Amino acid sequence: MFDIKAIKVELAKVANLEQLDLFFQTYLGKSGSITLAFKAMGSLSPEEKKSLGQELTQVKTQVTEAYESTQRALSADQINAQLNADIVDSSLETADSEQGSYSLLANVRRDAEEICKSLGFIIEYGTEVVTKFENFESVNIPLTHPATEMHDTIYLQDKDPSGENFILRTHTSSMQNYLIQKHGLPLKAVVPSRVYRYENMDAHHDVMFYQLEGIVVDKGLSVAHFKDMMEKLLSALLHKKVETRMRPGYFPFVEPGFEIDARYEIYDPATGKKELSKWIELLGAGMVHPNVLKVAGVDSDERSGFAFGIGISRLAAIRYGIKDIRYFTNGDLRFAKSFA
Ligand code: FA5
């Protein structure tokens, strides 16, 4: 019937996995001769079935075992051949490659994150693509409000479920509601992230820039808490003792709103004297507007909070004495290397 010896001789001649597959198809596959022999037993008498069935089972077991052991050996051979071909010659000289470093802006942002963490803030980044609702309406800016034009918005083609085009967030304040809803109260969080505005670039304005948004919501927070915290935070961020002053400022998502200016001691090498710098406008801020708390489901009679938004490039420019913020992102290696 089946000559096991001859089958094994045939198997011994198999030299690779492709030939082994052919062997499998010939004997053990769906239309293989051993499989077909089993199928052909249907027409036999019960006695014949029993004796032939036992014989065939023995044949199948032996052929399968021989096939499997050949398969193991050939697979190992193939893996070893691949490993030998892949050998890396570690004695070869490598091409010269320069060590990279973080950009100045990334360093200032990472430093700001560490400082905020040490002051107990949660860090969140959020998404750069947001709905118009998140960017404007959730922070008390109706879509018809001129403030939507204050931020020259970059629109995307894709639409959100309400049929409005998605946009690139124009400020990190778009995260205020998300943060309250995600983390609950009391909340103390910062968002050190990228924002986009379609505006003319100059020494103080870029199209993509980083803001550091902060929001604190709890019971009984007042402007006095806010001013104290801002002075501590700004001194830490600028690595010098900072004095602040608050002027009225308008942002629809805060009431009252403030522009915060800072000044600090500088050393004048010409006179050898220390003197106070001019007041520098650093950030927008204010007490979180009751409407913003309402959208987040917070009772504004029970809770209050403050929020602020600082331009990180402005921080970096002050810290390192850089006159034009476009240096941070224009890829000029001479600039990058001088701070590496
Ligand atoms: C805002 O974006 C408010 N969301 C800030 C805020 C947060 C107010 C929370 C109240 C409460 P403003 O548009 O002024 O405000 O931007 C804040 C800071 O981002 C500015 O002070 C400036 O440092 C920086 N900034 C604004 N536009 C640019 C730009 N085009 N390039 C670089 N930095 C910019």
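Residues numbered from 1 in each chain as written. Predicted model: local features only at pLDDT ≥ 70, side-chain atom pairs only at ≥ 80, totals over all residues. Heavy atoms only, no water.

Another point: the overall build of the protein chain. Broken down by element type, the protein chain carries 12 helices and 11 strands. Taking 20 Å as the expected radius of gyration for a compact globule of 340 residues, we find that the protein chain reaches 36 Å, considerably beyond that expectation. If one aligns the C-alpha atoms of the protein chain with their principal axes, the spans along those axes are about 110 × 55 × 35 Å. For the protein chain, the residues scored as buried account for 39% of the 340 residues in total. Considering only contacts in the protein chain between residues 6 or more positions apart, those separated by 24 or more positions represent 62%. Only carbon and sulfur atoms are counted for the fraction: they give 53% of the accessible area of the protein chain, which is about 19,900 Å². Side chains of the protein chain give 38 positive and 47 negative charges; the mean places of these two sets differ by 3 Å. (Helix = DSSP H or I, 4+ residues; strand = E, 2+ residues; numbered from the N terminus. Rg over C-alpha atoms; globule rule 2.2 N^0.38 Å. Buried < 20%, exposed > 50% of the residue type's maximum accessible area, 1.4 Å probe, protein only. Contact = heavy atoms within 4.5 Å. Areas by Shrake-Rupley, 256 points an atom, 1.4 Å probe, with all protein chains shown as cover. Lys, Arg positive; Asp, Glu negative; His and termini not counted. Charge placed at Lys NZ, Arg CZ, Asp CG, Glu CD.)

One pass over the full model with this rule turns up 15 salt bridges. The residue Glu164 makes a salt bridge to Lys132 at a minimum N-O spacing of 3.4 Å. With Glu164 in the loop between strand S3 (155-159) and strand S4 (165-168) and Lys132 in helix H6 (residues 132-135), the pair connects residues that are 32 residues apart, well separated along the chain. Among the salt bridges present, the one from Arg326 reaches Asp324, with a minimum N-O distance of 2.8 Å. When its relative accessible area of 30% is taken as the criterion, Arg326 is described as partly exposed. One salt-bridge network, in which partners are shared between bridges, spans Arg245, Arg247, Asp261 and Glu281. (Salt bridge = Lys/Arg side-chain N within 4 Å of Asp/Glu carboxyl O.)

Following the sequence through the fold, Ser277 ends up in the loop between strand S9 (273-276) and strand S10 (280-288). Excluding anything up to four places from it in sequence, Ser277 contacts Arg263, Tyr264 and Ile266.

With that settled, consider the domain arrangement of the protein chain. Partitioning the protein chain into domains gives domain 1 (4-86) and domain 2 (104-337). The C-alpha-based centres of domain 1 and domain 2 are spaced at 72 Å. (Domains from an automatic or database assignment.)

Okay, the site of the ligand next. Around the ligand, the structure places 23 residues, and the nearest of them are His171, Ser173, Arg197, Glu199 and Asp206. Within the contact set of the ligand, a nitrogen atom lies 3.0 Å away from a side-chain nitrogen or oxygen of His171. Broken down by element, the shell around the ligand gets its largest block of residues, 4 residues, from strand S11 (residues 304-311). Each residue belonging to the shell around the ligand can be placed in one class, and the counts come to 9 nonpolar, 9 polar and 5 charged. (Near = heavy atom within 4 Å. Polar contact = N/O pair within 3.5 Å; in protein donor to acceptor, adjacent residues only side chain to side chain. Nonpolar A, V, L, I, M, F, W, Y, C, P; charged D, E, K, R; others polar.)

The subject of this paragraph is helix H5 (residues 104-118). Its 15 residues give H5 an end-to-end C-alpha distance of 21 Å, which sits within 8% of 21 Å, the value for a rise of 1.5 Å per residue. For H5, the elements touching its buried residues are strand S1 (122-123), strand S5 (187-196), strand S6 (208-218), helix H9 (223-238), helix H11 (312-320) and helix H12 (333-338). Just downstream of H5, Gly120 is the residue with a positive phi angle, here 90 degrees. (Expected span 1.5 Å × (residues − 1).)

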